[in-house]
6 protein chains.
Amino acid sequence: MFTDLPVELLREHRTAVQEPADLDAFWSERLAEARALAEPPEATEVDTGLTAIRTWDVRFSGWDGQRIAGWLRAPAGATGPLPAIVEYVGYGGGRGSALDNLAFAAAGYAHLMMDTRGQGSGWSGGVTPDSGGTGPEVPGVMTRGIDDPAQYYYTRFFTDAVLAVDAVRALPGVDGSRVGVTGGSQGGAGALAAGALAEDVRAVAARVPFLCDIPRSMTITDARPFHELVDYLAVHRDRVDHVLGVLARIDGAVLASRITAPLQISAALMDAIVPPSGPFAAFNAAPSTRKEILVHPYNGHEGGGPEDVAAALRLFAAELGR
Amino acid sequence: MFTDLPVELLREHRTAVQEPADLDAFWSERLAEARALAEPPEATEVDTGLTAIRTWDVRFSGWDGQRIAGWLRAPAGATGPLPAIVEYVGYGGGRGSALDNLAFAAAGYAHLMMDTRGQGSGWSGGVTPDSGGTGPEVPGVMTRGIDDPAQYYYTRFFTDAVLAVDAVRALPGVDGSRVGVTGGSQGGAGALAAGALAEDVRAVAARVPFLCDIPRSMTITDARPFHELVDYLAVHRDRVDHVLGVLARIDGAVLASRITAPLQISAALMDAIVPPSGPFAAFNAAPSTRKEILVHPYNGHEGGGPEDVAAALRLFAAELGR
Amino acid sequence: MFTDLPVELLREHRTAVQEPADLDAFWSERLAEARALAEPPEATEVDTGLTAIRTWDVRFSGWDGQRIAGWLRAPAGATGPLPAIVEYVGYGGGRGSALDNLAFAAAGYAHLMMDTRGQGSGWSGGVTPDSGGTGPEVPGVMTRGIDDPAQYYYTRFFTDAVLAVDAVRALPGVDGSRVGVTGGSQGGAGALAAGALAEDVRAVAARVPFLCDIPRSMTITDARPFHELVDYLAVHRDRVDHVLGVLARIDGAVLASRITAPLQISAALMDAIVPPSGPFAAFNAAPSTRKEILVHPYNGHEGGGPEDVAAALRLFAAELGR
Amino acid sequence: MFTDLPVELLREHRTAVQEPADLDAFWSERLAEARALAEPPEATEVDTGLTAIRTWDVRFSGWDGQRIAGWLRAPAGATGPLPAIVEYVGYGGGRGSALDNLAFAAAGYAHLMMDTRGQGSGWSGGVTPDSGGTGPEVPGVMTRGIDDPAQYYYTRFFTDAVLAVDAVRALPGVDGSRVGVTGGSQGGAGALAAGALAEDVRAVAARVPFLCDIPRSMTITDARPFHELVDYLAVHRDRVDHVLGVLARIDGAVLASRITAPLQISAALMDAIVPPSGPFAAFNAAPSTRKEILVHPYNGHEGGGPEDVAAALRLFAAELGR
Amino acid sequence: MFTDLPVELLREHRTAVQEPADLDAFWSERLAEARALAEPPEATEVDTGLTAIRTWDVRFSGWDGQRIAGWLRAPAGATGPLPAIVEYVGYGGGRGSALDNLAFAAAGYAHLMMDTRGQGSGWSGGVTPDSGGTGPEVPGVMTRGIDDPAQYYYTRFFTDAVLAVDAVRALPGVDGSRVGVTGGSQGGAGALAAGALAEDVRAVAARVPFLCDIPRSMTITDARPFHELVDYLAVHRDRVDHVLGVLARIDGAVLASRITAPLQISAALMDAIVPPSGPFAAFNAAPSTRKEILVHPYNGHEGGGPEDVAAALRLFAAELGR
Amino acid sequence: MFTDLPVELLREHRTAVQEPADLDAFWSERLAEARALAEPPEATEVDTGLTAIRTWDVRFSGWDGQRIAGWLRAPAGATGPLPAIVEYVGYGGGRGSALDNLAFAAAGYAHLMMDTRGQGSGWSGGVTPDSGGTGPEVPGVMTRGIDDPAQYYYTRFFTDAVLAVDAVRALPGVDGSRVGVTGGSQGGAGALAAGALAEDVRAVAARVPFLCDIPRSMTITDARPFHELVDYLAVHRDRVDHVLGVLARIDGAVLASRITAPLQISAALMDAIVPPSGPFAAFNAAPSTRKEILVHPYNGHEGGGPEDVAAALRLFAAELGR
């Protein structure tokens, strides 16, 4: 069933979250801190059994200088620098197997699939630890480190996401002037954050992005992971204002106000995990002059699935070439 | 939790299903009938946006001469005939998007992903109708046409599966002497059937294969699709012997007695959809002299996931080259 | 809980589905095609162990001339032609056991319980196959044959339903001028269709009728069988307009505009399978001058249960005699 | 899935419950107490809209002299005394609508459908109160009055069941020498109890009878209503011996040792509400020389459904005539 | 997710239930009848193993003179009469273990935890039987005795609740002029009833009180125990007006109009068992001049948990002293 | 239903886990490392509104010197050093509210309720962070830090548990020669660990202890938190031996071999979260000469509830005095 507002109202929907006064300063500090600790990325080619696609195991510096893993894939036989796509992963997963996610490289791009700190044990594997501490938390990462906005898990993750863009530009064979970002769900949130906070991203394709218009989303669904926040506040009843203040710094519907690159977002009207008012709120907040929202009326959180990927390929072909 | 016997007993487990006396005759007739009606396959190249992999939309003749769809993929720039892999799809799905399932082609094979008649509307799309009639049936295909073994849905599907091997051999650029078959779940059942019934298949890799040791499987799990059979027999209480007789003709643990090619099967000890005694029963029935079973103790029906695919790539590299 | 609009709004609710321009032509063609192929009905008396009710196993010609089964029941010792009631069955079921559904015959009517093509394996048994082909489909019949409105499953079923009225009139001992139709859920949809499309039906009693105001219903519940349509469109995202166009031809809230006979509909305010806006939309669309809606505020899909049957008996007594 | 022992072991299964030393004395007292308070039954004909079956609203004296309701049905136009069938109802239900359960009367019997004290608000309605008190109890009747075996709910209900046989013999038009008892689930338990405790019952047909081999049944299923006992003992941990002692007096696998009439029991191997070891234990305990067990391998608690009813009709035809 | 109206509308929400014309007379009669039958309370000290808190097993006369159990607790070493708190228990539970619920006594009060008639077998134990009869009922107590408002279960329970206040005043060591009442869920309903109907209660603290604005509540949640009423009316479709008339006499949002003592109510916006419009309706109906509502936005039926208890302690300290 | 072996076999059940050769050395090092970093505990009295029980907010040094919180409670007016009980909390919870868990203090003991690092946001609150890093993990703590046994979450937690015993001995008013440990579920695991690893613990009462015989437990239930391990190994298929090796160091059925103090364990035969073979394996491994197992046949994970607490009070009264 439809899980949110009628589509006519979604098209007008904007978040009620106030932008924190120090939003830009907050993120400038985070990125400056992390970049000050960054070491150059390393890429080691691996034998995957594939002949048409080459694959490197990458390590780069993310939040607090911690080394984040990723897979870099590129078409075999490529000559000359390639445009690049950085992709982020959905909640619980990691960069996955070297045999997964071949489409972007098969389409001619250098494709960096960033691993997710401390996740990578749910539906796809990963290897990256999460070295920031944790306060009292609900199982999952939604409330990890929420005592301090500078230490909050998604501050760490979004810092990783931005530094992944730095890293791909520093890898050989990449044309750093042509970089796009993408991902679905949590990965879509990462793409919005990188689109807002990294320099000169040329295109952003966020499929059913999570973490947008959070205060509303967490009250209109019982599904995880938004519900982790509810579970936390159900016990820590005195921390509501603090928690909402931290979340405002990483809300995709707030950060989207900083996206000027061409933008593609998808939303699904039967999505109970990411109710569509979140993606619409992000879309409506973005000042991008070229932007498109793909609305899937009969889908849940799978959104447009391969059709969203095909649309992203079209966007990247137009904006980055290939 | 473990869903079946202890692994020591699984390693000895054999089905109690009796091989029908006319098993070979039954299938010879089916294949002869279908081949008599077969027209040559057609392959039309499509633009998928991928540059490293070429893709053709294929139609070939299956059961009753009906045209079955598929995707043929091959690495761009291949010269000379390629070894081929025919893959079958899990229950409910179809050949999927042209952007899915790129690994076998990226590994250097001609890869035919057969569409599934009358399914292709669940987790992945398809276009192939199922033109055989239906008697009274439970939603799903498990009881479709079960009044007549020659018309039963899985007789149709396995006939398609064998003729897909014929078809891939007839396509240009394929080395018909080097063909392997693979698939997971229902697709694994298809691979076992093709391995048993098609000529000169060189390797069979069946991940968590469905439809093996059916009379046992349907009594030790409540999960669909095996449960469709239970629902049917719960109403048609007088048809038990007839139904079990039909099923004996398509049971993977019976057909496996005809597999002599190198064989790889995976089984998962926490699989509630395909309890592992079925895959083990098929494995133990196969006379293949080179055979391997991959046991995943902590997995459900996802089995070994990408690790099973990697194992299949190793098998195909050894048996078919690339 | 209440599953739909407040009852005051339900009383005003009308479907937003547009009547297809060719609605009457479409159905005239279907019925003409089927009647051209029709053979006379056959009725063979069976020994059920009952002494007060006689029972015949009936076969008559439905869509495409296919023979449809049914039970004809009549009170033992009846003399002279009886008024007749044709009843249709809910989703998944068939005509059931000869020992079920005795009330209408015990009330003095010739009662034809029509079997349902290709179902009859869920909660009650049946014997009638469904010989039309299937395209890619979701398990169940909601998307069977949906590529072509003339071949769509419910086009077939409604054609059967109308020809069942023809058939009962052709059976001995029936007064063909006094025929009513009834059924619950899918059977209620059949009754509405027969009331709209068969000639001179004298009374229509549809309990919690399914398949009314379909585009709305499928977005306000997650329950099957409406959800089969959602599952299909979730994969076949490009077929929305086509599918809605086919459904408009069989929507009970559209067809009801052709019902002029006395009409009784029931609706249940806590029905999550058939949300009550569908039955109300059908009711509000019918031009019948004598019509009654039975509203059950605290019931789910069982609706009024035996109270709806008792109300139907009162309607038939008034309109058909007994 | 199968919910209990393999069928070979079920065929040998006997309860471990010890027969209470005072079993016969206990029940003799209960019945003597109740009969001492009994008033003659009353039967008032009602207009149901049915013409082939006549129906009377009956009141008779049960446990503690309380008046129990029922429907008496008989074929219209019957002349001469009829053999009679007393039927009991499943858990939660009551005697239901006057339009339900017509088969036995339509088959030529006087059919008394006994209402269930204090239930009749679940799946079918009833009107009979339960005037015995309650101690602390779990919702439902399984633990009602369990402090005292003479006051326990099922002592009351079984006393009602036996006195229903007395009552039907006292009604006009009934041949009291030809009485059978039947019912499904809780109603099957009632039939076993009446078969064990009433005089000269001529045939007993118990479909998937509940309340047999209770101590085992309550530990091998989590389904209600057996689970009510578990919930009670989970709180009243010190009452285990007392509770099991009370239950031994009403356990169908104990009472069956007193059944000498021809006996028919059905059991379903996938029944999670009444695991089949209970019905088998009752069957194996009965000294009847003519007994039959109907085993439904692929059914749940619906058991054989109408096929069990048909079998009961055959039993009654053979033993009672019609 | 939020389970009810937006909080701004909740703050204005009032029940649509009409106060029965005879409300005061009804309750005066009930209390007069019960008090006429009352015997003095008895209290027997028990050894619980606790040294800081003394505990007595209490019996007092409730509805119809029946003896109701309770625990009286008081701090060891108390000298002089103590202010008292009477507490009622949530649905399914009883007075519990002597080791539970120590906070009020540890805070310096005489604390009477009233047992619940006929419950005490769910999440906490009890010993008190419920000796009123039952008509046809749904498992649970919501429909017990609903044929007669004077016999209805909650009439009995609320009568017990008021007489518990009488009883605590009659126990030694209690200062009868300083009595407060409290409880959560069903216990909160008991506290509202005692606050409305007992004389001179000095403070009322009702946590997420059940049984307020019942006709609305039962249509906006599917959760038990409100759903018991729906189940009953789904079968007894002709009893809606009668049942709603009985419930109006015990509805907390009606009775609250008689509460003049200082009042504290809590409500939880994600409560699916007691949707918050019920507690708000009670709050808004109360003429108390000092009243406070504690709103927990992210909690379900646990409400404020220990924070609600702490708030109650503050209320009682202010109103009763300690 | 029973969730594990028959009770006769449970009484003989021993874990198949091999004791690691370095078990004592491993733990000696962990404790020595932590004690080397320990600072004295601090205790600050808080105003809880309770008059009979005094409460202090405690901080002490645990694993890696990190400060762990706790509540210390003692009866008001105590003179002279008190025997002490250290209690640990179940999975997801923290030390809870100051108003909870009053029984041990009310029974005359100094009662230290240790907070749980990084949890305290589920069913009861806490304030203690968990400052060790995390590798890729499944939501929850079961796989946190599992790359290194010295850093594994439960190594940290058990180190905290032992140092809590050190801490309580260092607090004023405590008789350090009379200390017992207790807890339920995860808290029971903590009690077993402290009983095995802390010096001179005088009594151990572990209610339904978690984390015993882990390799078996994780394969016979699908319930969390054991299932977190399965989820992890389902993705990290190559880490099985490593993970089982880490778990062997913290398995309660291994550590119990070091418990010589009087021991009380409870087990529940219907416990699906902690199947009873785990608690029995721990019980059977303990060399204590005075040990008792409380078996609750009809309980789930609540075990004996307040009856287990009462039994613990009896044990502590016998072993520690009061």
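All residue numbers here refer to positions counted from 1 along the written sequence of the relevant chain. Numbering of ligands from 1 and lettering of chains from A proceed in the order in which they are written. Reporting of local features is limited, given that this is a predicted model, to residues whose pLDDT is at least 70; pairs of side-chain atoms are given and counted only at 80 or more, and all residues count toward the totals for whole chains, interfaces and linings. In computing side-chain values, all of the structure's heavy atoms are included and hydrogens and water are not.

Asks: An account of the overall build of chain A is requested, with residue identities and associated values reported.
Replies: Think of it this way: any DSSP run of H or I at least four residues long counts as a helix, any run of E at least two long counts as a strand, and we number them from the N terminus. In terms of helices and strands, chain A carries 11 helices and 9 strands. In this treatment the radius of gyration is a C-alpha quantity, and the globule benchmark scales as 2.2 Å times the residue count to the 0.38 power. For 322 residues, the compact-globule estimate of 2.2 N^0.38 gives 20 Å, and the C-alpha radius of gyration of chain A, at 18 Å, lies within 12% of that figure. When its C-alpha atoms are laid out on the principal axes, chain A stretches across 55 × 40 × 35 Å. The criterion used for residue contact is that any of the two residues' heavy atoms lie within 4.5 Å. The contacts of chain A with a sequence gap of at least 6 include a subset with a gap of at least 24, amounting to 74%. Using the Shrake-Rupley algorithm and a 1.4 Å probe, accessible areas are obtained, with residue cover drawn only from the displayed protein chains. If you sum the accessible surface of chain A, you get close to 9,900 Å²; carbon and sulfur atoms cover 52% of it. For the purpose of counting charges, residues Lys and Arg are taken to be positive, whereas Asp and Glu are taken to be negative. His and the chain ends are not included. The atoms used to mark charge sites are NZ of Lys, CZ of Arg, CG of Asp and CD of Glu. Between the centroid of the 26 positive side chains of chain A and the centroid of its 39 negative side chains there is a distance of 4 Å.

Asks: I'd love a proper account of the arrangement of the chains, names of residues and values included.
Replies: Nowhere do chain A and chain D come into contact; their C-alpha atoms are at least 26 Å apart. In this assembly chain C lies apart from chain F, the nearest approach of their C-alpha atoms being 26 Å.

Asks: Go over helix 10 (residues 277–285) of chain F, please, and point to the residues and values.
Replies: All names here are of chain F. Each residue's exposure class comes from its accessible area (1.4 Å probe, protein chains only) as a fraction of the maximum for that residue type: buried when under 20%, exposed when over 50%, partly exposed otherwise. Burial of helix 10 is extensive: 8 of the 9 residues sit out of reach of the surface. Taken together, the buried positions of helix 10 are occupied by Ser277, Gly278, Pro279, Phe280, Ala281, Ala282, Phe283 and Asn284. Along its buried surface, helix 10 packs onto helix 1 (7–10), helix 5 (186–197), helix 6 (214–220), helix 9 (252–255), strand 8 (263–268) and strand 9 (291–296).

Asks: Tell me what's going on with the packing of helix 2 (residues 23–37) of chain B against helix 4 (residues 153–170) of chain B, and back it up with residues and numbers.
Replies: Residue and element names in this part refer to chain B. Lines fitted to the C-alpha atoms define the axes, with helices restricted to the stretch that makes contact. Angles between their N-to-C directions range from 0 to 180 degrees. Closest axis-to-axis distance for the helix 2/helix 4 pair is 10 Å, and the angle between their directions is 60°. The interaxial crossing formed by helix 2 with helix 4 has right-handed handedness. Touching Phe26, Trp27, Arg30, Leu31, Ala34 and Arg35 of helix 2 are Tyr154, Thr155, Phe158, Thr159, Val162, Leu163 and Asp166, all from helix 4. Residues are sorted three ways: Asp, Glu, Lys and Arg are charged, Ala, Val, Leu, Ile, Met, Phe, Trp, Tyr, Cys and Pro are nonpolar, and all the rest, Gly among them, are polar. A per-class count over the contact of helix 2 with helix 4 returns 8 nonpolar, 2 polar and 3 charged. Note on convention: near helix rotated counterclockwise from far helix by under a right angle means a left-handed crossing. Clockwise means right-handed.

Asks: Please set out the interface of chain F and chain A residue by residue, giving values where relevant.
Replies: If you look at the interface, chain F gives 26 residues, while chain A gives 26 residues. Here a salt bridge means any side-chain nitrogen of Lys or Arg lying within 4 Å of a carboxyl oxygen belonging to Asp or Glu. Counting every contact that joins chain F to chain A gives 2 salt bridges. Put simply, glutamate 137 of chain A and arginine 144 of chain F hold a salt bridge, and the shortest N to O gap is 2.6 Å. Split by residue class, the side of chain F that touches chain A holds 7 nonpolar, 15 polar and 4 charged.

Asks: So what's going on with the relation of the copies chain B and chain D? Which residues, and what values?
Replies: Here the two chain copies are tied together by a rotation about an axis and a shift along that axis. A least-squares superposition brings the copies together, and it is based on the C-alpha atoms of residues with pLDDT no lower than 70 in both. At an RMSD of 0.0 Å, chain B and chain D line up after a rotation of 120° and a shift of 0.0 Å along the axis. Both copies are brought into coincidence by an operation consistent with a three-fold rotation axis. Distance from the rotation axis, computed per C-alpha, reaches its smallest value in chain B at threonine 3 of chain B: 8.1 Å.

Asks: Can you explain the sheet that holds strand 6 (residues 174–184) of chain D? Please cite residues and give values.
Replies: All names here are of chain D. Across the sheet, which stays open at both edges, the 9 strands sit in the order 1-2-3-5-4-6-7-8-9 with mixed pairing between neighbours. The sheet is open, and its two borders are formed by strand 1 (42–46) and strand 9 (291–296), each paired with just one other strand. For this sheet the average axis-to-axis angle between neighbouring strands, irrespective of direction, equals 20°. As paired strands, strand 4 (residues 82–88) and strand 6 are joined by 6 bridges and run parallel to one another. Residue pairing in the sheet places alanine 84 in a bridge with valine 179 of strand 6. Seen against the sheet, helix 11 (residues 306–320) touches strand 4, strand 6, strand 7 (203–207), strand 8 (263–268) and strand 9 and runs at an angle of roughly 175° to strand 7. Pairs of strands are assigned from DSSP output, requiring at least two bridges between the strands.

Asks: Explain the UniProt feature "active site" (unreviewed entry) in chain A to me, using residue names and the numbers behind them.
Replies: Residues and elements named next belong to chain A. Mapped onto this numbering, the UniProt entry annotates "active site" (unreviewed entry) at Ser185, Asp271 and His301. The annotated residues occupy 117 residues of the chain but converge on a single region, no pair of C-alpha atoms lying more than 11.0 Å apart. Within the secondary structure, serine 185 sits in the loop between strand 6 (174–184) and helix 5 (186–197). Ignoring anything within four residues of it in the chain, the contact list for serine 185 reads Arg207, Val208, Pro209, Phe210, Val274 and His301. Among the secondary structure elements, histidine 301 is positioned in the loop between strand 9 (291–296) and helix 11 (306–320). Given a relative accessible area of 22%, histidine 301 falls into the partly exposed group. Contact partners of histidine 301, with chain neighbours within four places excluded, come to Ser185, Val208, Asp271, Ile273 and Val274. Any pair of nitrogen or oxygen atoms within 3.5 Å is treated as a polar contact; in protein, a donor-acceptor pairing is required on top of that, and neighbouring residues in sequence qualify only through side-chain atoms on both sides. In this structure the side chain of histidine 301 is engaged in a polar contact, spanning 2.7 Å, whose partner is the side chain of serine 185. UniProt positions are given in the numbering used here, feature names are shortened, and annotations may be inferred rather than shown by experiment.

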